[in-house]
Amino acid sequence: MFKKVLIANRGEIALRILRTAKELGVKVVVAHSDVDAKSLPVLLADEALCIGPASSAQSYLNIPNLLSAAVVSGADAIHPGYGFLAENAQFAEMCRDYGIIFIGPTPDNMRALGDKANARKVAREAGVPIVPGTDALVDVDEAKQAAAEIGYPVILKASAGGGGRGMRVVHNDADLERNVLQAKEEAKAAFGNPEVYLEKYIEEPKHIEVQVLGDGERVIHLWERDCSIQRRHQKLLEEAPSTLPKAVRTAITESAVRLASHVGYKSAGTLEYLVDREGNFYFIEMNTRIQVEHPVTEMITGLDLVAEQFRIAAGEKLAYPQDQIPCRGHAIEVRINAEDPSKDFRPSIGKIETLHFPGGPGVRVDSHLYTGYSIPPNYDSLVAKVIVHASDRDKAIHRMQRALFETALEGPGLKTTIPFHRKVLENAFFRRGAVYTNFIARRMSE
Ligand code: ADP
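Residues numbered from 1 in each chain as written. Predicted model: local features only at pLDDT ≥ 70, side-chain atom pairs only at ≥ 80, totals over all residues. Heavy atoms only, no water.

Colleague: So what exactly am I meant to see when it comes to the site of the ligand here?
Modeller: With respect to spatial proximity, 21 residues lie near the ligand, and among them G164, H207, Q230, E272 and E285 are the closest. A distance of 2.8 Å is found between a nitrogen atom of the ligand and a side-chain nitrogen or oxygen belonging to K157. Burial of the ligand by the protein chains amounts to 96% of its free accessible area of 550 Å². Within the residue set of the shell around the ligand, elements represented by two or more residues are β6 (154-158), β8 (196-200), β12 (266-275) and β13 (281-287). Taken together, the residues of the shell around the ligand sort by class into seven nonpolar, seven polar and seven charged. Residue assignment places the shell around the ligand across two domains, with domain 2 (132-200) and domain 3 (206-443) each supplying three or more. (Near = heavy atom within 4 Å. Polar contact = N/O pair within 3.5 Å; in protein donor to acceptor, adjacent residues only side chain to side chain. Areas by Shrake-Rupley, 256 points an atom, 1.4 Å probe, with all protein chains shown as cover. Helix = DSSP H or I, 4+ residues; strand = E, 2+ residues; numbered from the N terminus. Nonpolar A, V, L, I, M, F, W, Y, C, P; charged D, E, K, R; others polar. Domains from an automatic or database assignment.)

Colleague: Any chance you could explain the pairing of strand β2 (residues 27-33) here in plain terms?
Modeller: With six of seven residues buried, β2 lies mostly within the body of the structure. Sheet topology places strand β1 (residues 4-7) next to β2; four bridges connect them, and they run parallel. Across the sheet, the residue bridging to K4 is K27, located in β2. Traced from β1 through helix α1 (residues 11-23) to β2, the parallel crossover comes out right-handed. (Buried < 20%, exposed > 50% of the residue type's maximum accessible area, 1.4 Å probe, protein only. Pairing = 2+ DSSP bridges. Right-handed = clockwise from strand over helix to strand, strands pointing away.)

Colleague: Would you explain helix α6 (residues 116-125) in this entry?
Modeller: For an α-helix, the turn length of 3.6 residues means that residues three or four places apart are oriented alike. Along α6, the residues that are buried comprise K116, A117, A119, R120, V122 and A123. In the core, the buried residues of α6 are packed alongside α5 (107-114), β6, β8, α9 (246-262) and β13. In this structure D115 caps α6, since a side-chain oxygen of it lies 3.1 Å from the backbone nitrogen of A117. (Contact = heavy atoms within 4.5 Å.)

Colleague: Looking at this model, I keep getting lost on the domain arrangement of the protein chain. Mind explaining?
Modeller: Interfaces are often described in size by the accessible area the parts lose on coming together. Domain annotation for the protein chain reports domain 1 (4-103), domain 2 (132-200) and domain 3 (206-443). Once you take the C-alpha centre of each, domain 1 and domain 2 turn out to be 35 Å apart.

Colleague: Help me understand the pattern of salt bridges, please; the structure alone is not making it clear to me.
Modeller: For side chains bearing opposite charge, pairing can occur when the charged atoms are close. This model, assessed by the stated rule, comprises 34 salt bridges. Of the charged contacts, one joins E87 and R289 as a salt bridge, the two residues approaching to 2.8 Å between their closest N and O atoms. In this pair, E87 is assigned in the loop between β4 (77-79) and α4 (89-97) and R289 in the loop between β13 and α10 (294-301), connecting sequence segments 202 residues apart. Judged by relative accessible area, E87 falls into the partly exposed class, the value being 34%. The class of R289 is buried, set by a relative accessible area of 16%. The closest approach of N and O atoms between D344 and R231, which form a salt bridge, is 3.4 Å. Here R231 lies in strand β10 (residues 219-231) and D344 lies in the loop between β15 (339-340) and β16 (346-347), a separation of 113 residues in the sequence. (Salt bridge = Lys/Arg side-chain N within 4 Å of Asp/Glu carboxyl O.)

Colleague: Looking at this structure, how should I read the pairing of β6?
Modeller: In the case of a regular strand, side chains alternate between the two sheet surfaces. Burial runs high along β6: five of the five residues are buried. Every second residue of β6 is oriented toward a common face, with V154, L156 and A158 on one face and I155 and K157 on the other, all of them buried. Across four bridges, β6 lies against strand β7 (residues 167-170) in antiparallel orientation. Pairing of K157 across the sheet is with M167, part of β7. Relative to β8, β6 runs antiparallel, the two sharing five bridges. Bridging from a neighbouring strand, L156 pairs with L198 of β8.

Colleague: How should the nonpolar core be read in this particular structure?
Modeller: When a protein is soluble and globular, its nonpolar side chains tend to lie buried together. If you look at the biggest cluster of nonpolar residues, it comprises 35 residues, and the most contacted ones within it are I229 and F430. When residues of this core are traced back to their parent elements, those giving at least two are β11 (234-240), β14 (330-337), β18 (363-367), β19 (382-390), α12 (393-406), α13 (418-426) and α15 (439-443). Here I229 is in contact with Q234, K235, L236, L237, V424, F430, V435, F439 and I440, once residues within four sequence places are set aside. Judged by nonpolar contacts, the second largest core, of 33 residues, contains I17, A77, I220 and I312. (Core = buried A, V, L, I, M, F, W, Y, C linked by side-chain atoms within 4.5 Å.)

Colleague: Is there a simple way to explain the sheet that holds β4 in this structure?
Modeller: Each strand in a sheet pairs with another by means of backbone hydrogen bonds, the pair being arranged parallel or else antiparallel. The parallel open sheet is built from five strands, whose spatial order is β3-β2-β1-β4-β5. At either end of the open sheet lies a strand with only one pairing partner, and these are β3 (47-52) and β5 (101-102). Both β4 and β5 contribute to a ladder of two bridges, which runs parallel. Opposite A77, over in β5, you have I101 as the bridge partner. Across the sheet, helix α11 (residues 305-313) lies against β1, β4 and β5, angled at about 150° from β4, the strand it touches most. (Axes fitted to C-alpha atoms, helices over the stretch in contact; angles between N-to-C directions.)

Colleague: Would you mind showing me how to read unusual backbone geometry here?
Modeller: What is expected of a backbone is that most residues other than glycine have negative phi and most peptide bonds are trans. Looking along the chain, the bond that leaves Y152 and enters P153 is cis, with omega of -5°. With respect to the element layout, P153 can be found in the loop between α7 (140-150) and β6. Cis geometry marks the peptide bond from A240 to P241, where omega comes out at -5°. With respect to the element layout, P241 can be found in the loop between β11 and α9. Within the chain, F84 stands out as a residue other than glycine whose phi angle is a positive 40°. Its location among the elements puts F84 in the loop between β4 and α4. Unusually for a residue other than glycine, S267 sits at a positive phi of about 130°. One can find S267 in strand β12.

Colleague: Is there a simple way to explain the sheet that holds β18 in this structure?
Modeller: Ordered by their spatial adjacency, eight strands build an open sheet running β13-β12-β9-β10-β11-β14-β19-β18, and the pairing between neighbours is antiparallel. The sheet is open, and its two edges are formed by β13 and β18, each paired on a single side. Between one strand and the next, the sheet's axes are offset by a mean angle of 25°, whatever the strand orientation. Note that β10 and β11 share four bridges and pair antiparallel. Considered in β11, the bridge of I229 is made with L237. Packed on one face of the sheet, α13 meets β10, β11 and β14 and runs near 45° to β11.

What follows is the structure in structure tokens.
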């Protein structure tokens, strides 16, 4: 196992990685921006190094400073968390050049799957169904021809897109030309790559994703999560397992193992799918990193996914055959964001004056907040994840309601997504598992 890991991230995920590192006996260096100097992961680390000012470009995305911090502190591994440099193949390669282990997939894995248009090709080769659509578009005429074959509505996506950004739904030929050109401009500005492609827009799908672990030789799955409760293509509540019929669950998890095996995947990864009303599933993309919602999978399997990432990166082989991966009970996670749901989820920042997290049976909280902490305005608005586990879905819903009832997270002017989650948990459609990616627009509009 490693002696010292540098965590190239912040917030709840930096803390999450720190916790596992401590349990594995690995010393922790936290690389942080100046505004994060008093953040909980920094306070709990064995060592902390400031790598730049608040702006992510100058700190959490600053490769020379991160590598210098790793070298100076004598870290033998780097964990990138999610976001920032987690899916940057060049960064992974540079770590290798400096003799530092990147805790994540190989640069080749990332290149094969990180680019969405390319991931579609890999899926096709592996015999995994994809949404009807195109490769990277050459010009507007090609887009028009493809849309005529597929039928409207279609969705334009940036090959390098992520985080729910870089997508446009188009309903007719007249709008297509303008949108293709705008989408290319936008993709170039946001992701540094103007490539876009087109897919059939699936109406009212479920977003289902399969967690996999690979050691470079063998891939296993850790069941699936349902992440259909989204706003602007961003997840807000996730659960595991899904409420899909057993046959669909089996087929989708098998297909994920097939795809990940096809590229000799090494580390934890997630294959995302859309599932239509008939139970047809279509691969959309793979995230080659740990995900925000990984705790629901940890709850139903009893495994520590971050520890698995450490072990695989250290060269160990997977310790379990597929049939020893349990799927016990039901888990739900809610993302508590510092946002105002009544004002179109506008970011809300402030100082935490009152903080009380829930406890009791089957409750877990992943959060870097503490009383007196000021949420900086520079980063993602996720401030806490409340995760519950119970023997079935109904009990998990009741447990989450109880947990949110106990939660207090207050400060002057501070608004969170907690009231929103309370409404979702009460909703009759949610209660019976009738969740689709347009759930909020359709069922919670009032
Ligand atoms: P990102 O990488 O930005 O998260 P994804 O490709 O994973 O983008 O898609 C995010 C979400 O966008 C999906 O969960 C779904 O709600 C919606 N979406 C993506 N592709 C389609 C599609 N072809 N039809 C309908 N909805 C889609």
